[in-house]
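Letter by letter, the chains look like this.
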Amino acid sequence: MKNLFVLAPLFFADTANIKLTILACIGFLSFSLLSSVIYIFNDWRDMEADRLHKKKKLRPLASGSISPTNAFFIALSLLLIIIFLLANFNFQIKPIIPLFIYGIVNLSYSLGLKQIPVLELMLVASGFVLRLIFGALLINVELSIWILICTGLLATLIVVGKRRGDLIQGNDSNLKRRSLNGYNQEYLNQLMVIFSACIITSYLLFCASAYAIDKFGIDVAWTSIFVIFGVLIYLKVLIVDEKGDDPVKLFLSSTSIQFTAFAWAVSFLLVINF
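Here the structure is a predicted model, which means the values were calculated and not measured.

Participant: Hey, could you run me through the side chain of T156 in this one?
Facilitator: With respect to the secondary-structure elements, T156 resides in helix α7 (residues 145-169). Not counting residues within four places of it along the chain, the set of residues in contact with T156 comprises M122, A125 and F195.

Below is the structure:
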C-alpha cells in the first residue's frame, strides 16, 4: 500500500492516457520489488530480535517458515526482475535516481541508522516522498513543493503514530529497537500535535497558493475540509483508541479514515474537472 504513492502523480497529470498509466504501473511494480528486497534484508538482519517481538515473530524468517537461504534467492530473483524492467521499459536516468537513493537510505537504515531516535523517523518518512518523486519523474509530471511538503509531514505523522503504538502496546518489550529508548509517550504526543498542525497549515497554504489557484481554481479550498477532518480522526484513533502500530492494518480497518480519504479524492477530482 505504501507504494501507491508512486501512482499518486497520475492524479496531478494534465492528461491521462494508457501509455502513462502503464508506465506508472511498471514503476509501481519496480518500487514494490525493491521494497520487498529491502524488507527481506531487514528481516534477515533482525531475525533473532523479531522472535522476541509480539507481532514480528510471525514474519516468515523469524517464524522459520522461510529459510535464510530461500530468502536470499527470492531477493536475488526480485533484483533480476527489477533490472529487466528498467532495461526493457527504457526508464530515464532521472526516475532511477530516487529509486537508487531509496535503496541506499533503507539499506543504511537496516544496517543501524534505525537505532538512532528522531533520525529514524525522518528516514522512514523520506521513503514516501521518494516514492512520490519517482512516480512524478517517471511520467514527467511537475509536482508543487506544497505536495511534497504535505506528503513528508503526513508520512512523519504516520511514523510517529506507529512508534507511539509500539511503545504503548509494549510490542518490543525487550527494546531490541534501541531507538524506542529515546522516546516516551509525552514526547511522541507532542510530535503528533506539531506535525498535525503543520499538515493542516501547509495544506491550507497550498490551497491559497498561486500554483493551486492557477491550476485547480479557488474551489480547491473546499478539499481542506476533508484534510482537517482526516487529521482529527487519525489523532483520535492514535490517542483515544491507542492504535497506530500498524498503519496499513489501521487504514484497512477504519471506515472513518477510508471514507475521509475517498471523500478528499472525489472532491479533488470534482475541483479539477469542473
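Participant: Explanation requested: helix α12 (residues 255-273) in the structure shown.
Facilitator: Given 3.6 residues to a turn, an α-helix orients residues that are three or four positions apart in the same direction. For α12, which comprises 19 residues, the first-to-last C-alpha distance of 27 Å matches the rise-based estimate of 27 Å (1.5 Å per residue) to within 8%. When α12 is considered as a whole, its buried residues turn out to be I257, T260, A263, S267, F268 and V271. All buried residues of α12 project into a common sector of 130° when viewed along the axis, lining one side. Exposed side chains of α12 directed beyond 90 degrees from the buried face belong to T255, F259, F262 and N273.

Participant: What exactly am I supposed to notice about the pattern of salt bridges here?
Facilitator: Per the stated rule, a full pass over the model turns up 7 salt bridges. In this structure, D50 engages R59 in a salt bridge whose closest nitrogen and oxygen atoms are separated by 3.6 Å. Since its relative accessible area comes to 5%, D50 is described here as buried. Residue classification places R59 among the partly exposed residues on the basis of a relative accessible area of 27%. Here the salt bridges share partners, and the residues they tie into one network are D43, D50 and R59.

Participant: Explain the environment of V220 to me, please; I cannot follow it from the model alone.
Facilitator: For V220, the location among the structural elements is in the loop between α9 (210-216) and α10 (224-239). What makes V220 buried here is its relative accessible area of 0%. Distance from V220 to L269, taken between C-alpha atoms, is 9.8 Å for residues 49 residues apart in sequence. The residues contacting V220, other than those within four sequence positions of it, are F206, C207, A212, F268 and V271.

Participant: Even after reading the chapter, I still don't get the packing of aromatic side chains, so can you show me in this structure?
Facilitator: The geometry of an aromatic ring pair comes down to the distance between the two centres and the angle between the two planes. For the coordinates displayed, the defined rule picks out 15 aromatic pairs. Ring centres of W264 and F268 lie 5.2 Å apart, and the angle between their planes is 50°; on these two criteria the pair is classed as tilted. Taken together, the residues W264 and F268, both in helix α12 and 4 residues apart, mark about one turn of the helix. Overall, the relative accessible area of 23% leaves W264 in the partly exposed class. On the accessibility criterion, F268 (0% relative accessible area) is buried. These aromatic residues form a ring-pair network of at least three members: F11, Y203, F206, Y211, F216, W264 and F268.

Participant: Explain the environment of S144 here, please?
Facilitator: Position of S144 relative to the elements: it lies in the loop between α6 (119-138) and α7. Residue classification places S144 among the buried residues on the basis of a relative accessible area of 6%. A C-alpha to C-alpha distance of 7.4 Å links S144 and Y211, two positions 67 residues apart in sequence. Once you skip the residues sitting within four places of it in the chain, S144 turns out to touch F206 and Y211.

Criteria and cut-off values
What you see as residue numbers is a count from 1 along each chain, following the sequence as written. Totals for whole chains, interfaces and linings use every residue, but because this is a predicted model, local features are given only for residues with pLDDT of at least 70 and side-chain atom pairs only at 80 or more, for both listing and counting. Hydrogens and water are ignored here; the side-chain numbers use all heavy atoms of the structure. Numbering of helices and strands runs from the N terminus; a helix is a DSSP stretch of H or I covering at least four residues, while a strand is a stretch of E covering at least two. The contact definition used throughout considers only heavy atoms, calling two residues in contact when any of these lie within 4.5 Å. Helix span, expected: 1.5 Å multiplied by one less than the number of residues in the helix. Burial here depends on accessible area, computed with a 1.4 Å probe over protein chains only, as a share of the maximum for the residue type. Under 20% is buried, over 50% is exposed, and the range in between is partly exposed. For this quantity, the arc is that covered by the directions from the helix axis to the C-beta atoms. We count a salt bridge whenever a side-chain nitrogen from Lys or Arg sits within 4 Å of a carboxyl oxygen from Asp or Glu. When the centres of two rings from Phe, Tyr and Trp lie within 6.5 Å, Trp using its six-membered ring, the rings pair. Their planes under 30 degrees apart give stacked, over 60 give edge-to-face, and anything left gives tilted.

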